[in-house]
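# An overview of the molecular structure
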Amino acid sequence: MDEPVTIGLLALSVAALSAGLAGLLTGRVLRWVQAARVLAEPEARSSHTAPTPVGGGLAVMSIIAAAGLGLAALFGRIDLAVLMLAAAGLAVIGWTDDRRGLSPATRLAAQAAAVLAGLAVLEP
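Below is a short write-up of the structure. (Residues numbered from 1 in each chain as written. Predicted model: local features only at pLDDT ≥ 70, side-chain atom pairs only at ≥ 80, totals over all residues. Heavy atoms only, no water.)

### Some points on the overall build of the protein chain
- Assigned secondary structure in the protein chain consists of four helices and two strands.
- Secondary structure elements of the protein chain, listed N to C terminal, follow the sequence α-β-β-α-α-α.
- Projected onto its principal axes, the C-alpha positions of the protein chain cover 55 × 35 × 20 Å.
- Looking at the protein chain residue by residue over its 124 residues, the buried ones come to 22%.
- For the protein chain, contacts bridging at least 24 residues in sequence account for 50% of all contacts bridging at least 6.
- Accessible surface, the protein chain: about 8,300 Å² in total, of which carbon and sulfur atoms supply 67%. (Helix = DSSP H or I, 4+ residues; strand = E, 2+ residues; numbered from the N terminus. Buried < 20%, exposed > 50% of the residue type's maximum accessible area, 1.4 Å probe, protein only. Contact = heavy atoms within 4.5 Å. Areas by Shrake-Rupley, 256 points an atom, 1.4 Å probe, with all protein chains shown as cover.)

### So, the pattern of salt bridges
- Applying the stated criterion across every chain yields a total of two salt bridges.
- R77 is the salt-bridge partner of D79, the closest N and O atoms lying 2.6 Å from each other.
- Note on D79: relative accessible area 16%, which makes it buried. (Salt bridge = Lys/Arg side-chain N within 4 Å of Asp/Glu carboxyl O.)

### Quick notes on the environment of S18
- Examined against the element boundaries, S18 turns out to sit in helix α1 (residues 3–35).
- By relative accessible area, which is 14% here, S18 ends up buried.
- Filtering out sequence-adjacent residues up to four positions away, S18 remains in contact with I63 and A67.

### Looking at the nonpolar core
- Residues V29, V33, V38, V54 and A59 constitute the largest nonpolar core, which totals five residues.
- For V54, the residues in contact, after removing those within four places along its chain, are V33, V38, A40, W95 and D98. (Core = buried A, V, L, I, M, F, W, Y, C linked by side-chain atoms within 4.5 Å.)

### Digging into the side chain of T96
- In this structure, T96 sits in helix α3 (residues 78–100).
- Within polar-contact distance, the side chain of T96 engages the backbone oxygen of V92 at 2.8 Å.
- Those residues in contact with T96 that lie beyond four places of it in its chain are G101 and L102. (Polar contact = N/O pair within 3.5 Å; in protein donor to acceptor, adjacent residues only side chain to side chain.)

### A short note on a nonpolar patch on the surface
- Among the surface-exposed residues, V115, L116, L119 and L122 lie close enough to one another that they form a single nonpolar patch of about 410 Å² accessible area.
- By secondary structure assignment, the location of L122 is in the segment after α4 (104–120).
- By relative accessible area, L122 is classed as exposed at 57%. (Patch = residues over 30% accessible without salt bridge, like charges linked within 9 Å, V, L, I, M, F, W, Y side chains within 5 Å.)

### With respect to unusual backbone geometry
- Phi at R37 is positive, roughly 60°, even though this residue is not glycine.
- Inspection of the secondary structure assignment puts R37 in the loop between α1 and β1 (39–40).

### With respect to helix α2 (residues 56–75)
- Between the first and last C-alpha of α2 there are 29 Å, a value that for 20 residues agrees with the 28 Å anticipated at 1.5 Å per step.
- Looking at α2, one finds that the buried residues are G56, A59, M61, I63, A65, A67, G68, L71 and A72.
- Among the residues trailing α2, G76 stands out with phi positive, at a value near 65°. (Expected span 1.5 Å × (residues − 1).)

Below you can see the structure in the form of structure tokens.
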């Protein structure tokens, strides 16, 4: 089989599996955060008017990061690994901010670090 076709089929398979797993895990995470009462309370900056469960993105981000890191290892792509780790780091910052509240300076520093990591691995 032609190599680009094989890589394309592998990528499609990983994407389909990831989407399925993310869908299953998102439901489980949302049930967990609702039971644990992990809620975002409405405030001036909120777009919601009632307490809203937070953390559903944890499942999606975990699956995407794991799939991306697996593909990065399989194909020897350090750039993809760096991007996945930067995205996962931002997810952790977002979760921490939702749960405990972080200062704008801390969030900005984390976002700047993720962007700089991404820029560092871009090919000229």
